[in-house]
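Summary of the model geometry
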Amino acid sequence: MTIGHTLLGLLESGPRHGYDLKRAFDERFGHDRPLHYGQVYSTMSRLLKNGLVEVDGIEPGGGPERKRYAITDAGVTDVAGWLTTPEKPEPYLQSTLYTKVVLALLTGRDAAELLDVQRAEHLRLMRELTRRKKGGDLADQLICDHALFHLEADLRWLELTAARLGKLAAEVRA
Amino acid sequence: MSDLTYAGKTAGTGTAQPAGPPPDPRGPLRTWADDLRMGLAFALRGGREGWMRTLLTAVGVGLGVALLLLTTAIPGALAGRDQRGAARAEVPASDAEYVGGTVLVGNVDTEYHDTMVRGRLLLPEGPDAPLPPGLDRFPKPGEMVVSPALADLLDDAGSDLLRERLDYGIAGTVSDAGLIDPGELAYYAGSKDIAAADVNVSRVAAFGEDADDQAMEPVLVLLAMIVFVALLMPVAVFLIAAVRFGGERRDRRLAALRLVGADGRAVRRIAAGEALAGALLGLVAGTGLFLLGRQLAGGVTVYDMSIFASDLDPSPALALLVAAAVPAAAVGVTLLALRGVVIEPLGVVRSARPRRRRIWWRLLLPAGGLALLAPMMGRGDDAGAFPEWQVIGGTVLLLTGITALLPWLVEAVVARLGRGPTSWQLAVRRLQLSSGTAARLVNGIAVAVAGAIALQMVFTGVEDDYKEETGHDAGRYQLAVYASAGQDVGVGDRIEGTEGVSETVTRVSTVLAGKKRNPRNSVTLSVGSCAELREMAKLAGCRDGDAFYLTDTYGSADSTHMATAGDPLYLDPSYDGMAGKALRWAPPSDIRPARARADSDGNKYDGIVATPGAVPDVRDSGAFTAWVDVRLDPAVPEAAERVRNEVAGADPLLSVHTLNSEIYEEDFAGIRTGLAVGAACVLVLIGSSLLVGQLEQLRERRKLLSSLVAFGTRRSTLSLSVLWQTAIPVALGMALSTAFGLALGTVLMRMTDTPVAVDWPSVLTMAGAGAGVVAAVTALSMPLLIRLMRPDGLRTE
Amino acid sequence: MSTTPPTDPFAADAEPAPILTATALRKVYAGTPALDGADFAIAAGETVAVMGPSGSGKSTLLHCLAGIVPADDGTVTYAGRDLAALSDAERSALRRREFGFVFQFGQLVPELTCVENVALPLRLTGLGRRDAERAARPWLERLEVDDIAHQRPGEVSGGQGQRVAVARALATTPRVVFADEPTGALDSLNGERVMELLTGAAQDSGAAVVLVTHEPRVAAYADREVVVRDGRTRSLEPVGR
């Protein structure tokens, strides 16, 4: 997700102040990672430079967060282009976990233990997300589900790898 | 499995999409044939499950077909008996007959250990004398030709007395053509001592008469018809149930066929094909069973009756009918059964809440049956034969009424049941969902029991009739010997000395009339010692030479007139067609009146009684008959056989009767036992189909049963629910069939003009047999239930 | 017996002592070991997911824990009582009164209505028909299926049927609920809802839940997991919450 396109998209409904933009972003998409004012400032200045937004007015008191931004026509075109372009599916071909397993096997450490610990950690996170999901609204549920499905995929990989550990060990050490 | 079929289907629709379905190039007949063949293939190659189902149907249909063939063959077998019976009937020679072409035949039937032995003495009167069927030559005097069964009996170590009685050399065997059935005891002995004038001897010009001449009594024909209907109906009902064995599993297979693209009609045809396979195999099995049963039947004797295997030959028309009707019924029933079922690709949907069964047309059937039968009430034997089709039609309609009413009754009653323990609730709910299945399974039992109850009632009634007619005082005397006019009236003296005889009472009598020929009035003249006369009348005094006329009894006016008018009297007068001795007799002048006495039965003696001194030449005149009552000493074994030997030794033509007031009852008991055995066979047959249904249902519910046990359901609760599930419909079936049986029985008794009485013990026996079937089915399904209740059923991995 | 969903005192206390334990369980089916030294413990009010690949023995573990199948070796102790020492009748009574069961399918009696199905275990414990059905109603409401109370299982959707099954498992206010792939036949949305209702209701009544599943997202509804592999158990977390 790019912050630039997101902020641009939020501006499409009408001009907003910098702090307003930050609050709207945090509310909808921030969750566990709120934006820094610095991030908002640097992003907005880049958008200004590219002519995608313009300064609509400045509140007294100064500071970048006091500026009111509005989207330009070029900005609207840019948002539309972003939304209609499909995201490239993540290939996940570079996996830290895989590296760890192979290294454990190469160095004669217990790869099964490694997988089990990782599995427990994954499931712990899944439980936490499930709990959060139970208490949350629809937005929470969708976001948690997204994470849960990914974690589940990881977990299935962990299970599969655990089942094939013997074969992998033979190949790695060959 | 479903994944696979789904994939196949999507691939099929995905590759090429023609514009609309192509028209089936095959004609409707080919479509039918192809689908039926496919069903046949499924039935025969459907793996273990398919085989099991086909086998079950085949066994069920086979049993039914065998029973059907056997029953349809019985009339033929009985006709065979009748024919051979008629073929050996003796045609008496007319006076004008050429003497060289005749044979003298003496009837020397005897009884041995309560079994009839047919005996004939033969004396050919010329070279052209007719030979009885079954003989290839006349036995010489002192020789006899015996039936195989009699030969076996004579060979028995314990048959000394019979060998002594039939004191002839065995010169040959009577062949089957001369015997009614293979178990018949019969012999033909050569004789040179018999004369045409002897009692029980006739001059025979030929053997054999038309069997048709011997019409059965209408009531017996009626009973026979009812027996057939009552036996065949349940078999038919059972056949229908057998065709539907394994229906639920089949439905699932049909759903899978729909998934790969068979349309609704094709699926039905395929199902019909599967049923056809079972029916055809059943037909083959049934024919085999029948042939086997036929061989066995040849060696079995039931109640003095046995049947030649070759006689058990169903008429080709009936056999063809069975061969055509059974497969046709299989297809028809399957299509009918699938009528209320929608087979969808993902499963079978039964119309969720089927239409409530209506009662009016169901009532029409028994009402129609009654309407057919009712006009024949009160006919009895006198009005000639009962109209066959009306009787059969009425009975069939009435019994079919049970199969129509029972589903309605079960549904109506079960819908109102509910309260009760858990086991009851489980059973009732199950029945509410599928009351039709339950009723169908019980239908056969219900029809069988109704028919049996009705027949028992009629037999009991008819049997009462016959019992009244015998009325012998069997308590006091066990045997009676009858000497006709011309035979030795002194035979009583010989019997008295026989071992095992404790008392004999001889009554010597003749007819006394005022004319030599065709007298209008006659009285009985009885001769006896004073002691014997005192049994018959209250005598003031008596000496040899006295005679008395009995007053205060039947015909006392005639007796008084003959004794006192002084007109000439004749002993044993002649009648047209029956020559008597017509001996002139004058009663003693001091003949006196005496009041008649009643015997132990309350009957009064009548006529004139005289001491031997008053009647000259009693023994040798040939005008008197003698009736000797014989009391046997029960402590002496074989006393009756000794008496018979003694009598046969004196004159084989003398007849010995067994006095037994229950003789008829025994015969009827035989028929009733036979009926009960038949009903029991039918019940077992139907019980087996109940069991199959029960087991199948249990297997279906394997998972459910295990999970019920998992959460702590007591095994007894589940077992009880299985019991209720069978017991409720059977109880309703028994109630309905008892009602129908009593109704049919009542109508039949009215038709035979028998006083209506209910034989409750036999009703209870029949209903009890039904209950026994339930108990047996439940007991037999217990092992499977217990096995299914093991937690292994929960394992899915 | 109280049959409305109660708030159980155990839930608040988070009693650390296990209510149901198994040690060194061994079970052989037709020569193949299904369990080969499995250990297990669950505390009151706790939900434990039993995970593992197909054929690892997780269902067998559940059957042994619930006293449905006797183990060949090892002990199962429930509330201080050794299950092996109980008679079959006593074990049945235990399952009736103290345990509840939810399976993947084949558990509802097709000819009974939904409310009758829920009332069934209550009736088995001796409650009258009317009382049992009255007691069953709140559970149908709790599981959001009271609108289908008088329909038969064949007439309701899979998710509804499974909720009826959960209601039936909880209706006797059991101390332990055994759930074997309770969402196995459901889509994920229905499955999650059933899991939410099952764990929620179990928590409210203080029941422990032994949850056998192969789906991580279903297992995530549990407080902790136990992995069964080749008939042996492995747990990385302590008993209790």
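Numbering of residues starts from 1 in each chain and follows the order in which that chain's sequence is written. To read the labels, note that chains go from A and ligands from 1, taken in the order they are written. In keeping with the predicted nature of the model, local features appear solely for residues at pLDDT of at least 70, side-chain atom pairs appear and are counted solely at 80 or more, and the whole-chain, interface and lining totals rest on all residues. Heavy atoms from the whole structure form the basis of all side-chain values; hydrogens and water molecules are not counted.

Let us now look at the overall build of chain A. For chain A, the helix and strand inventory stands at eight helices and three strands. To qualify as a helix, a DSSP run of H or I must reach at least 4 residues; to qualify as a strand, a run of E must reach at least 2; elements of each kind are numbered from the N terminus. Put simply, chain A runs from its N terminus to its C terminus through helices and strands in the order α-β-α-α-β-β-α-α-α-α-α. Within chain A, buried positions represent 32% of all 174 residues. We call two residues in contact when some of their heavy atoms are within 4.5 Å. Counting only contacts in chain A whose residues sit at least 6 apart along the sequence, the fraction spanning at least 24 positions is 54%. To measure how exposed things are, a 1.4 Å probe is used in the Shrake-Rupley method; for residues, cover is taken only from the protein chains shown. When the accessible surface of chain A is summed, it comes to about 11000 Å², and 55% of that surface belongs to carbon and sulfur atoms. The buried label goes to any residue with under 20% of its type's maximum accessible area, the exposed label to any with over 50%, and the partly exposed label to all in between, with areas taken from a 1.4 Å probe on protein chains only.

Attention now moves to the interface of chain B and chain C. Listed by partner, the interface residues are 29 residues for chain B and 34 residues for chain C. When a carboxyl oxygen of Asp or Glu is within 4 Å of a side-chain nitrogen of Lys or Arg, the pair counts as a salt bridge. Seen at the junction of chain B and chain C, the total is one salt bridge. Two residues, Glu 116 of chain C and Arg 429 of chain B, come together in a salt bridge whose shortest N-O distance is 2.1 Å. Polar contact criterion, stated in full: a pair of N or O atoms within 3.5 Å, where within protein one must be able to donate a hydrogen and the other to accept it, and residues adjacent in sequence count only if both atoms are side-chain atoms. Linking chain B to chain C there are seven residue pairs in polar contact (both at pLDDT 80 or more). Of all the secondary-structure elements, those providing two or more residues to the side of chain B that touches chain C are α12 (422–433), α19 (702–710) and α20 (715–751) of chain B. With seven residues, α12 of chain B is the largest single contributor of residues to the side of chain B that touches chain C.

Take the confidence of the model for chain C next. All names here are of chain C. Per-residue confidence for chain C averages 84 on the pLDDT scale, and 92% of its residues sit at or above 70. For chain C, helix α1 (residues 9–13) is the element with the lowest average pLDDT, namely 44, and strand β8 (residues 208–212) is the one with the highest, namely 94. A residue's pLDDT is the predictor's confidence in that residue, given on a scale from 0 to 100. pLDDT under 50 marks residues 1–15. Its contacts with residues more than four places away, or in other chains, come to 28 contacts. If you check the scores for this complex, the pTM reads 0.61 and the ipTM reads 0.76.

Another point: helix α5 (residues 129–142) of chain C. Along its 14 residues, α5 of chain C runs 21 Å from first to last C-alpha, staying within 8% of the 20 Å computed at 1.5 Å per residue. Buried residues along α5 of chain C sit against α12 of chain B together with α4 (114–124), α6 (158–171) and α7 (188–205) of chain C. At the C-terminal side of α5 of chain C, Glu 144 of chain C shows a positive phi close to 60°. Multiplying 1.5 Å by the helix residue count minus one yields the expected span of that helix.

All right, on to the sheet that holds strand β4 (residues 73–78) of chain C then. All names here are of chain C. By definition, two strands form a pair when at least two bridges between them are found by DSSP. Spatially, four strands are ordered β2-β1-β4-β5 in an open sheet, and the strand pairing comes out antiparallel. In the strand order of this sheet, the two ends are held by β2 (32–43) and β5 (81–82), each with one partner. Across two bridges, β4 lies against β5 in antiparallel orientation. Opposite Thr 77, over in β5, you have Asp 82 as the bridge partner.

Residues and elements named next belong to chain C. The element β8 is extensively covered by neighbouring structure, given that five of its five residues are classed as buried. Two strands pair when backbone bridges link them, and strand β3 (residues 47–51) and β8 are joined in this way by four bridges, in the parallel orientation. Residue pairing for β8: Thr 47 is matched across the bridge by Val 209. With the strands pointing away from the viewer, any crossover whose connection runs clockwise from the first strand over the helix to the second is right-handed. For the crossover from strand β7 (residues 176–180) across α7 to β8, the handedness is right-handed.

It is worth spelling out the pattern of salt bridges at this point. Within the structure shown, the criterion is met by 39 salt bridges over all chains. Residue Asp 116 of chain A pairs with Arg 234 of chain C through a salt bridge whose shortest N-O separation is 2.1 Å. A residue pair is termed interchain when its members come from two chains, as with Asp 116 of chain A in helix α6 (residues 111–135) and Arg 234 of chain C in strand β10 (residues 232–234). Arg 88 of chain B is the partner of Glu 184 of chain B in a salt bridge, and the nearest nitrogen-oxygen pair spans 2.6 Å. One end of the pair, Glu 184 of chain B, is in the loop between β6 (169–173) and β7 (186–190); the other, Arg 88 of chain B, is in the loop between α3 (47–87) and β1 (90–92), with 96 residues separating them in the sequence. Accessibility expressed as a relative area gives 4% for Arg 88 of chain B, which makes it buried. Members of the salt-bridge network, linked through shared partners, are Lys 133, Asp 145, Glu 152 and Arg 156 of chain A together with Glu 192 and Arg 217 of chain C.

Looking now at the state of the cysteines. Residues and elements named next belong to chain B. Whenever a pair of cysteine sulfur atoms sits within 2.5 Å, that pair is classed as a disulfide. Inspection of every chain in the model, using the stated rule, returns one disulfide over all chains. Shown here is the disulfide that connects Cys 530 with Cys 542, its sulfur atoms set 1.9 Å apart. Across the disulfide from Cys 530 to Cys 542, rotation about the S-S bond amounts to roughly -80°, and the bridge is consequently left-handed. Here the residue Cys 530 occupies a position in helix α15 (residues 530–536), and Cys 542 occupies one in the loop between β16 (537–538) and β17 (547–551), the gap between them amounting to twelve residues. Neither residue differs from the other here; Cys 530 and Cys 542 are each classed as buried.

The subject of this paragraph is empty space enclosed by the protein. Residues and elements named next belong to chain B. Only protein atoms enter the calculation, which uses a 1 Å grid: trapped sets of points that fit a 1.4 Å probe without letting it out are cavities, open sets showing protein on both sides within 12 Å along at least five of seven lines are pockets, and any residue with an atom within 4 Å of a point is a lining residue. Grid points are joined across faces, edges and corners, and a volume is the space filled by probe spheres set on the points. Taken as a whole and assessed by the stated rule, the structure comprises six cavities of 30 Å³ or more. Approximately 130 Å³ is the volume attributed to the largest cavity. Lining the largest cavity we find 16 residues, and of these Arg 701, Leu 705, Ser 721, Val 722 and Gln 725 sit closest to its centre. Top contributing element to the lining of the largest cavity by residue count: α20, with four residues. Each residue is assigned to one class: nonpolar for Ala, Val, Leu, Ile, Met, Phe, Trp, Tyr, Cys and Pro, charged for Asp, Glu, Lys and Arg, and polar for all the others, Gly among them. Its residues placed into classes, the lining of the largest cavity shows nine nonpolar, four polar and three charged.

Time to look at the packing of aromatic side chains. Between 30 and 60 degrees the pair is tilted, below 30 it is stacked and above 60 it is edge-to-face, where a pair is any two Phe, Tyr or Trp rings, Trp via its six-membered ring, whose centres lie within 6.5 Å. Enumeration according to the criterion identifies eight aromatic pairs over all chains in this entry. Ring geometry for Phe 101 of chain C against Phe 103 of chain C: centres 5.9 Å apart, planes inclined by 25°, an arrangement best described as stacked. Taking the relative accessible area as the measure of exposure, Phe 103 of chain C reaches 5% and is therefore buried. Both a distance and an angle decide whether a charge sits over a ring: NZ of Lys or CZ of Arg must be within 6 Å of the ring centre and within 35 degrees of the ring normal. Taking NZ or CZ as reference, Lys 22 of chain A lies 5.4 Å from the ring centre of Tyr 37 of chain A, over its face.

A word on the environment of Val 692 of chain B. When you line up the elements, Val 692 of chain B lands in helix α18 (residues 663–700). A sequence separation of 632 residues divides Val 692 of chain B from Gly 60 of chain B, and the C-alpha atoms of the two residues are 10.0 Å apart.

With that settled, the discussion passes to the nonpolar core. Residues and elements named next belong to chain B. As used in this record, nonpolar core signifies buried Ala, Val, Leu, Ile, Met, Phe, Trp, Tyr and Cys residues forming a set joined through side-chain atoms within 4.5 Å. Judged by nonpolar contacts, the single largest core of 65 residues is most densely connected at Val 391, Leu 399, Ile 402, Leu 406, Ile 445, Leu 748 and Met 751. At the level of secondary structure, the elements contributing two or more residues to this core comprise α6 (218–243), α11 (388–416), α12, α13 (435–470), α18, α20 and α21 (760–788). No other element matches α13, which puts 17 residues into this core. Here the limits of each domain have been adopted from an automatic or database domain assignment. Formed jointly, this core draws a minimum of three residues from each of two domains, domain 1 (27–87 + 216–352) and domain 3 (355–471 + 661–797). Sequence-distant contacts of Leu 748, that is, excluding residues within four places in its chain, are made with Leu 222, Ile 226, Ala 454 and Val 458.

Moving on to the sheet that holds β8 of chain C. Taken together, the six strands give an open sheet; going across it, the order is β6-β7-β8-β3-β9-β10 (chain C), and neighbouring strands pair in mixed fashion. Looking at the sheet topology across the chains shown, the edges are occupied by β6 (99–102) and β10 of chain C. Across the sheet, the mean angle from the axis of one strand to that of its neighbour is 20°, orientation sign disregarded. The pairing of β7 of chain C with β8 of chain C spans five bridges and is classified as parallel. For Asp 180 of chain C, the partnering residue across the bridge sits in β8 of chain C and is Val 212 of chain C. Where helices are involved, their axes are fitted lines through C-alpha atoms of the stretch in contact, as for all axes, and angles between N-to-C directions lie from 0 to 180°. Across the sheet, α6 of chain A lies against β3, β9 (224–229) and β10 of chain C, angled at about 145° from β9 of chain C, the strand it touches most. Here helix α2 (residues 58–65) of chain C sits on the sheet and contacts β3, β6, β7, β8, β9 and β10 of chain C; the angle it forms with β7 of chain C, its principal contact strand, is near 155°.

Once that is clear, we can look at the packing of helix α5 (residues 96–106) of chain A against helix α8 (residues 165–173) of chain A. Residue and element names in this part refer to chain A. Between α5 and α8, the least distance of the axes is 10 Å, while the angle of their chain directions is 65°. If you check the angle between α5 and α8, you find them roughly perpendicular. Crossing geometry of α5 relative to α8 is assigned as right-handed. Residues Val 101, Val 102, Leu 105 and Leu 106 of α5 form the contact with α8, whose own contacting residues are Leu 165, Leu 168, Ala 169, Val 172 and Arg 173. Partitioning the contact of α5 with α8 into residue classes produces eight nonpolar, no polar and one charged. Small angles under 35 degrees read as roughly parallel and large ones over 145 as roughly antiparallel, with 65 to 115 read as roughly perpendicular and the rest as oblique. In this scheme the crossing of two helices becomes right-handed for a clockwise turn of the near helix relative to the far one and left-handed for an anticlockwise turn of less than a right angle.

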